[in-house]
Amino acid sequence: MKLTTPIPLLEIALLVNAEIIGDASFKVRGVNEIHKVEEGDLTFVDVRKYFKKALNSKASVILINEKVEAPSGKILLYCKDPFAAYNLFVSRVRDVEPLSKNISESAVVHPSAIIEPNVVLGHHVRIGAGSYIRANVVIQDNTIIGENVIIHSGTVVGTDAFYYKRIGETYDKMLTCGRVLIEDNVEIGACCTIDKGVSGDTIIGEGSKLDNQVHIGHGVVIGKNCLIAAQVGIAGKTILEDGVKLWGQVGVAARLTIGEGAEVYAQSGVNRSLKAGKAYFGAPAVEAKEWFSDYRVWKRLGREGR
Amino acid sequence: MKLTTPIPLLEIALLVNAEIIGDASFKVRGVNEIHKVEEGDLTFVDVRKYFKKALNSKASVILINEKVEAPSGKILLYCKDPFAAYNLFVSRVRDVEPLSKNISESAVVHPSAIIEPNVVLGHHVRIGAGSYIRANVVIQDNTIIGENVIIHSGTVVGTDAFYYKRIGETYDKMLTCGRVLIEDNVEIGACCTIDKGVSGDTIIGEGSKLDNQVHIGHGVVIGKNCLIAAQVGIAGKTILEDGVKLWGQVGVAARLTIGEGAEVYAQSGVNRSLKAGKAYFGAPAVEAKEWFSDYRVWKRLGREGR
Amino acid sequence: MKLTTPIPLLEIALLVNAEIIGDASFKVRGVNEIHKVEEGDLTFVDVRKYFKKALNSKASVILINEKVEAPSGKILLYCKDPFAAYNLFVSRVRDVEPLSKNISESAVVHPSAIIEPNVVLGHHVRIGAGSYIRANVVIQDNTIIGENVIIHSGTVVGTDAFYYKRIGETYDKMLTCGRVLIEDNVEIGACCTIDKGVSGDTIIGEGSKLDNQVHIGHGVVIGKNCLIAAQVGIAGKTILEDGVKLWGQVGVAARLTIGEGAEVYAQSGVNRSLKAGKAYFGAPAVEAKEWFSDYRVWKRLGREGR
């Protein structure tokens, strides 16, 4: 997320009880995950094997639990628990207030959009021209919806990421400050759930169509004109390029890329990135022609082995 | 769907900019898909390989993009884009208005039925004696619910079909004008989604029971006394005969028939029609005894091949 | 369930038209399923193969359809249809009234808890300090929610069990009188469904986290600090010990025990109890290392058999 007003590093250091190693006059302009940070952003790292990635990212400020040598210009915020410090900072900068009425006063709805009964619009939600939000939909904070979007009843957009850090036997929640962006001409079925990005954006690309009971994890990016059938689940940060088709009950693991125009048959379980333009099947999913070839052999062996 | 008032063909031809080939004085009495049309109905066809099926169907009027020879008495409505023309006609005849309040004035609820808070009832919804619609259920337009039906919270009945026509890289939505019919003594769990038929009806047969998070596609016909466990998905136009049992997370592909009393074990993926009275398992689903026989062989081969 | 006031056996016998064999002056203090009954409870049995289990349970009173010899002190309530008698008794003692407004007057919400718009709280619901119930959540009767619990939008807690008795071709519903207990620091995603216990309790243990679209069947007991990813389904009465992890779209059959710290990879289908501390995969789920070993062999056979 980008901050509406840059925040002086000194203020952050005091808030999270961290030591500044670098330019103390710097002002932080945003917060994001390592692989998405831009110049001016703050990020965090607390596992040594990711230190290098964080230090070489575009982040200007890094919350870190070791006084390592940093590239010139990079500012470290040294503290004991960067995760907790990050959460504290996010809780300070994100504007998340519980809703006290159905439609937040800060929600902006185009006059030509249609909002049916029992719809809930969170803070800073924006809904574009000609969009149609059906009864009992919940759109949570900071969701941006384009033009001519249809969202069917019971769907929840902008849920928190399912993202926890293990602390001994228990789990600490990573606070979510990202958004959901739904581009023009998207249609989303009933009882779908679409999580916010942790600090970046979940994006449903222009013209894509989702059937009922689809789950989209945090930070997933769906390209243009994708078709996603009922009961599909896509885990966090996975990317679907344009024109991808996922048939019913497919599951896709986190942090993968599904190439342009790839098609995945029903109930497949995708655990690695898939190439563009090909058809896949199975759990774990392989090229469909490979799966059917294997299956013919397996069935023959099954008959012979009786 | 049947039209409440028959519409003169001339009026339709003007609306959709089509040329009448046949009796111009005819009045259209309904609209439906090729395999369900009745005399008096209008249907459409825009792919040559389905021309014959359409021309030999019971439809009286066919929107078509070629001036073919038609059986005597059949009326053609020739136009460049029958799909767009069909959508235009449907948008004219179906009575779909966004809801401006929870319970449409045209909804008819039997005095003995119970409607809990935050329920939404669309236009022309009818609910029979003794039925119980729990909090936060959405019943959309033209859904007919029988007697002693229970629908649990969060469920959405009467969603649009997930049905698009590819136009280059993008998708055009096929407008839905069918209904959902829920017969007597049906129970539907929480957070289920049941789509309308595209132009025919989705039917949940008498005494059938659905668990939570079940998805029923457009035009599916479920027989009497079926049991459908949680998180099952059934794609468009599939037929379940009486007494079918589908266990948890089963997926059934479109346009199949599951024979009377057949049972499909959990997580199976059904991609072809199944015979009556047998048990099935696997993805793709085969007879359960065949699956277990194969599996024993595969496991043995797995051990031997280490 | 425990009765708020013990009920004289004579009153029950008259209500359900049963004959008392034993101490007619006894007062029933609760009702529960065979494997959970305590002293003072009433239970029922109508299948001969479970007679022994019922007679040797801790139940004080047994609705039964045969005049069998009972252990000393055990009271039989003899009647033709114990299932119907049980249902009649439950319908008399459970306090289930349809809701006439969003928040039942008998719901007790701690002043520090946050209840967003369109939330429905049933009778006798209790919500502890610091808990946060997001928009459009439905919490049904007799659900007890601890402290610092978060429940995301669209979720339904306290649905009826999916539990029917076959009567010829049709199904009779077993009435549900159990509860849902959600312990402290639990987080539940959007559009989840959590069923009540039939007569005991469904329990979500302290610190456990559920992602979106999870289904929890009747009487399931989830231990502390479990992680349950999106679209998982757990069937009735299964037990998850502490620290279990179920990844996306996993299905778990009824009446199993998943040992402490066990981990089940995505889309697996669990049809038998699993040992503590191990990783599992596949449908049916086996130890993950066994599955991957088998799979390597199967893939090699597939290549060789082409």
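Think of each chain on its own: its residues are numbered from 1, step by step along the sequence as written. Each chain gets a letter, beginning with A, and each ligand a number, beginning with 1, in the order they are written. Residues qualify for local features only when their pLDDT is at least 70, as the model is predicted, and side-chain atom pairs are given and counted only at 80 or more; totals for whole chains, interfaces and linings, by contrast, use all residues. Note that the side-chain values use all heavy atoms of the structure and ignore hydrogens as well as water.

A.B. asks: Go over the relation of the copies chain C and chain A, please, and point to the residues and values.
C.D. replies: Residues reaching a pLDDT of at least 70 in both copies supply the C-alpha atoms on which the copies are superposed by least squares. Placing chain C over chain A gives an RMSD of 0.1 Å and needs a rotation angle of 120 degrees, together with 0.0 Å of translation along the axis. Look at the turn and shift together and you get a three-fold axis relating the two.

A.B. asks: Can you explain the interface of chain A and chain B? Please cite residues and give values.
C.D. replies: We call two residues in contact whenever any of their non-hydrogen atoms come within 4.5 Å of each other. Residue-level contacts link 38 residues of chain A with 48 residues of chain B. The contact between chain A and chain B buries some 3,200 Å² in all, and 53% of this surface belongs to carbon and sulfur atoms. Should a side-chain nitrogen of Lys or Arg be within 4 Å of a carboxyl oxygen of Asp or Glu, the pair is scored as a salt bridge. Our enumeration of links across chain A and chain B arrives at three salt bridges. In this structure, Glu290(B) and Lys299(A) form a salt bridge, with 2.5 Å as the shortest nitrogen-oxygen distance. Any pair of N or O atoms that falls within 3.5 Å is considered a polar contact. Within protein, one atom must be able to donate a hydrogen and the other to accept it, and sequence-neighbouring residues count only if both atoms are side-chain atoms. Across the chain A-chain B interface, the total number found is 26 residue pairs in polar contact (both at pLDDT 80 or more). Secondary structure elements are defined from DSSP: runs of H or I of at least 4 residues count as helices, runs of E of at least 2 residues count as strands, and each element is numbered from the N terminus. Of all elements in the fold, only strand 22 (209-210), strand 25 (227-228) and helix 4 (288-304) of chain A reach the threshold of two or more residues within the side of chain A that touches chain B. For the side of chain A that touches chain B, the element with the most residues is helix 4 of chain A, which contributes seven residues. Note on residue classes: Ala, Val, Leu, Ile, Met, Phe, Trp, Tyr, Cys and Pro are nonpolar, Asp, Glu, Lys and Arg are charged, and everything else, Gly too, is polar. Its residues assigned to classes, the side of chain A that touches chain B comprises 16 nonpolar, 13 polar and nine charged. Two parts lose some accessible area (1.4 Å probe) when they are put together, and adding that loss for both gives the buried area.

A.B. asks: How would you sum up the pairing of strand 6 (residues 75-78) of chain A? Please name residues and give values.
C.D. replies: Residue and element names in this part refer to chain A. Criterion used throughout: strands pair if DSSP finds at least two bridges between them. Of the pairings in the sheet, the one linking strand 2 (residues 19-21) to strand 6 comprises three bridges and is antiparallel in character. Bridge pairing links Ile20 to Leu77 in strand 6. Of the pairings in the sheet, the one linking strand 5 (residues 61-64) to strand 6 comprises four bridges and is parallel in character. Its bridge partner being in strand 6, Val61 is matched across the sheet by Ile75.

A.B. asks: For the environment of Val90(C), give the residues involved together with the corresponding values.
C.D. replies: All names here are of chain C. Inspection of the secondary structure puts Val90 in helix 3 (residues 82-93). Throughout this description, buried means an accessible area under 20% of the type-specific maximum (1.4 Å probe, protein chains only), exposed means over 50%, and partly exposed covers the range between. Since its relative accessible area comes to 0%, Val90 is described here as buried. As a C-alpha pair, Val90 and Met1 span 89 residues in sequence and 9.7 Å in three-dimensional space. If we skip the residues at most four places from it in the chain, Val90 touches Val31, Leu175 and Cys177.

A.B. asks: Explain the packing of helix 1 (residues 9-16) of chain B against helix 3 (residues 82-93) of chain B to me, using residue names and the numbers behind them.
C.D. replies: Residues and elements named next belong to chain B. Close contact between helix 1 and helix 3 brings their axes to 9 Å; oriented N to C, the two are set at 120 degrees. Between helix 1 and helix 3, the angle is such that the two are oblique. Taken as a pair, helix 1 and helix 3 cross one another with a handedness that is right-handed. For the pair helix 1 and helix 3, the contacting residues are Glu11, Ile12, Leu15 and Val16 in the first and Ala85, Leu88, Phe89 and Arg92 in the second. Inter-axis angles, ranging from 0 to 180 degrees, are taken between N-to-C directions of lines fitted to C-alpha atoms, where helices are fitted over the stretch in contact. What sets the label is the angle itself: under 35 degrees gives roughly parallel, over 145 gives roughly antiparallel, 65 to 115 gives roughly perpendicular, and the rest give oblique. Each crossing gets its handedness from the near helix: less than a right angle anticlockwise from the far helix is left-handed, clockwise is right-handed.

A.B. asks: How would you explain helix 1 of chain B if you had to name every residue and give the values?
C.D. replies: Note that an α-helix has 3.6 residues per turn; residues three or four places apart therefore point the same way. All names here are of chain B. Turning to helix 1, its buried residues number three or more, namely Leu9, Ile12, Ala13 and Val16. The buried residues of helix 1 occupy an angular sector of 100 degrees when projected down its axis, which confines them to one face. Once helix 1 finishes, Asn17 follows within two positions and takes phi at roughly 60 degrees, a positive value. What the arc measures is the spread of directions leading from the helix axis to the C-beta atoms.

A.B. asks: Explain unusual backbone geometry to me, using residue names and the numbers behind them.
C.D. replies: Among all residues except glycine, the phi angle is most often negative; among peptide bonds, the trans geometry is most common. Cis geometry marks the peptide bond from Ala283(B) to Pro284(B), where omega comes out at 5 degrees. Here Pro284(B) lies in the loop between strand 33 (279-281) and strand 34 (286-287). Although it is not a glycine, His124(A) adopts a positive phi angle of roughly 65 degrees. You can see His124(A) is positioned in the loop between strand 9 (120-121) and strand 10 (126-127). Looking at His124(A), the relative accessible area reads 32%, which means it is partly exposed.

A.B. asks: Can you explain the domain arrangement of chain A? Please cite residues and give values.
C.D. replies: All names here are of chain A. Delimitation of the domains relies on an automatic or database domain assignment. In terms of domains, chain A is made up of domain 1 (2-93) and domain 2 (108-290). Summarising the inter-unit geometry, the C-alpha centres of domain 1 and domain 2 are found 29 Å apart. Facing 12 residues of domain 1, the contacting portion of domain 2 comprises 13 residues. In total, domain 1 and domain 2 occlude about 1,100 Å² of area from one another, counting both sides; carbon and sulfur atoms represent 58% of this. Broken down residue by residue, the surface that domain 1 buries against domain 2 is led by Glu33, Phe83 and Asn87, which jointly contribute 46%. For Lys237, the salt bridge goes to Glu33, with nearest N and O atoms at 2.4 Å. Summed over the shared surface of domain 1 and domain 2, the number is eight residue pairs in polar contact (both at pLDDT 80 or more). Broken down by element, the side of domain 1 that touches domain 2 gets its largest block of residues, five residues, from helix 3 (residues 82-93). Partitioning the side of domain 1 that touches domain 2 into residue classes produces five nonpolar, four polar and three charged.

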